[in-house]
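# Residue-level structure breakdown
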Amino acid sequence: MLKTSLFTLSVLIISGLLLFRVVNAQTETIVPELSNFGAAHELESVSFFNSDQPLRLEHLRGQVVLIEFFTYTCINCIRTIPFVQQWHETYAADGLQVIGVQYPEFAFEHDFDNIQVGTSELGITYPVAIDNLGTTWRAYNQRYWPTIYLIDKTGTIRYRRIGEGAYDVTEAAIRALLAEPYLETTDEPTADTIVYVTPTTELNVRAQPDETSARLGSVTSSMTFIVLEEREGWAQIEYDDSIGWVSTDYVNRSEL
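Presented here is a report on the structure given in the accompanying data block. (Residues numbered from 1 in each chain as written. Predicted model: local features only at pLDDT ≥ 70, side-chain atom pairs only at ≥ 80, totals over all residues. Heavy atoms only, no water.)

### Some details on the overall build of the chain
The helix and strand inventory of the chain stands at five helices and 14 strands. The buried share of the chain, taken over its 256 residues, is 44%. Residue pairs at least 24 apart in sequence account for 70% of intrachain contacts in the chain once pairs closer than 6 positions are excluded. When the accessible area of the chain is evaluated, it comes to approximately 13,600 Å², of which 52% is carbon and sulfur surface. (Helix = DSSP H or I, 4+ residues; strand = E, 2+ residues; numbered from the N terminus. Buried < 20%, exposed > 50% of the residue type's maximum accessible area, 1.4 Å probe, protein only. Contact = heavy atoms within 4.5 Å. Areas by Shrake-Rupley, 256 points an atom, 1.4 Å probe, with all protein chains shown as cover.)

As structure tokens, this is what we get:
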């Protein structure tokens, strides 16, 4: 009888301890480690998907920016992207700007048509900056896909995550940075004017500013391009790993 009572008591104590550990784990507050990695380098991309204007960090002061370096066929990126998409949907209204930077690993990943199809199939609705030449990749001393950076409201890199996992920690870091106050100062740099175009329909890209020149491909209204040069009725843009021309009769021309 005594042995049975002791056994029952032991089971109850162990069960209570396990229940305490489960409840404690569920209510545990994650405190992310936020560092200071210095000022974030500006984005160098001149072509963007899922955006109606070019994105520059200097225009995003006062917002928290999440940059993810990825390429659309990378298996590790494919596993990470649903979390990034969810953060975009959850926190955009609170001041989070998510930007994917697509840097290709293979030759076919340079193709704009392939990028558009690939990112669409992955369910990406946040802006994607095309980095075919690797200018932004090198500026961040990048080596791995995926890598996530969180940039605070003053333009300082505060968090970095290489590879998959730690999604709860990354989300906690997003929340912490969104909660930080921001005091706009008058000595912040003034951004240079950027001229850009957004197609109003699917539009052919030509090798030269002439309707009879070779067709390089096409662009759609989900894309935005910084104008590299203008001639009468034509705008020069980046296309794949080269440049091309689009008729300004079928674009919205704007300045930022």
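### Comments concerning the sheet that holds strand 5 (residues 147-151)
Reading across from one edge, 6-5-2-3-4-1-10-7-14 is the order of the nine strands in this open sheet, with mixed pairing throughout. Whereas interior strands pair on both sides, the edge strands pair on one side only; in this sheet they are strand 6 (157-162) and strand 14 (251-255). Taking the axes of each pair of neighbouring strands and ignoring which way they run, one obtains an average angle of 20° across the sheet. Judged from the five bridges that link them, strand 2 (residues 64-70) and strand 5 form a sheet pairing that is antiparallel. Pairing of isoleucine 67 across the sheet is with tyrosine 149, part of strand 5. Across the face of the sheet, helix 2 (residues 75-91) comes into contact with strand 2, strand 3 (96-102) and strand 5 while running at roughly 160° to strand 2. (Pairing = 2+ DSSP bridges. Axes fitted to C-alpha atoms, helices over the stretch in contact; angles between N-to-C directions.)

### Some remarks on helix 3 (residues 112-121)
Since the α-helix advances by 3.6 residues per turn, residues separated by three or four positions end up pointing in the same direction. The complete set of buried residues in helix 3 reads Phe112, Ile115, Gly118 and Thr119. One side of helix 3 holds all its buried residues, which, seen down the axis, span an arc of 130°. In helix 3, those exposed residues whose orientation departs by more than 90 degrees from the buried face are Ser120 and Glu121. Looking at the buried side of helix 3, the elements it contacts are strand 1 (47-49), strand 2, strand 3, strand 4 (128-130), strand 10 (223-226) and strand 12 (234-239). Where helix 3 begins, the side chain of aspartate 111 points an oxygen toward the backbone nitrogen of aspartate 113, at a separation of 2.9 Å. Positive phi appears at glycine 123, one or two residues downstream of helix 3, with a value of about 80°. (Arc of directions from axis to C-beta. Polar contact = N/O pair within 3.5 Å; in protein donor to acceptor, adjacent residues only side chain to side chain.)

### Quick notes on helix 5 (residues 167-179)
When the terminal C-alpha atoms of helix 5 are compared, their 18 Å separation across 13 residues agrees well with the 18 Å that a helix rising 1.5 Å per residue should span. When helix 5 is considered as a whole, its buried residues turn out to be Tyr167, Thr170, Ala172, Ala173, Ile174, Leu177 and Leu178. Tucked inside the fold, the buried residues of helix 5 contact strand 2, helix 2, strand 3, strand 5 and strand 6. (Expected span 1.5 Å × (residues − 1).)

### Comments concerning the side chain of histidine 88
Checked against the element boundaries, histidine 88 lands in helix 2. Overall, the relative accessible area of 18% leaves histidine 88 in the buried class. Look past the residues within four positions of histidine 88 in its chain and what remains in contact with it is Val98, Thr125 and Tyr126.

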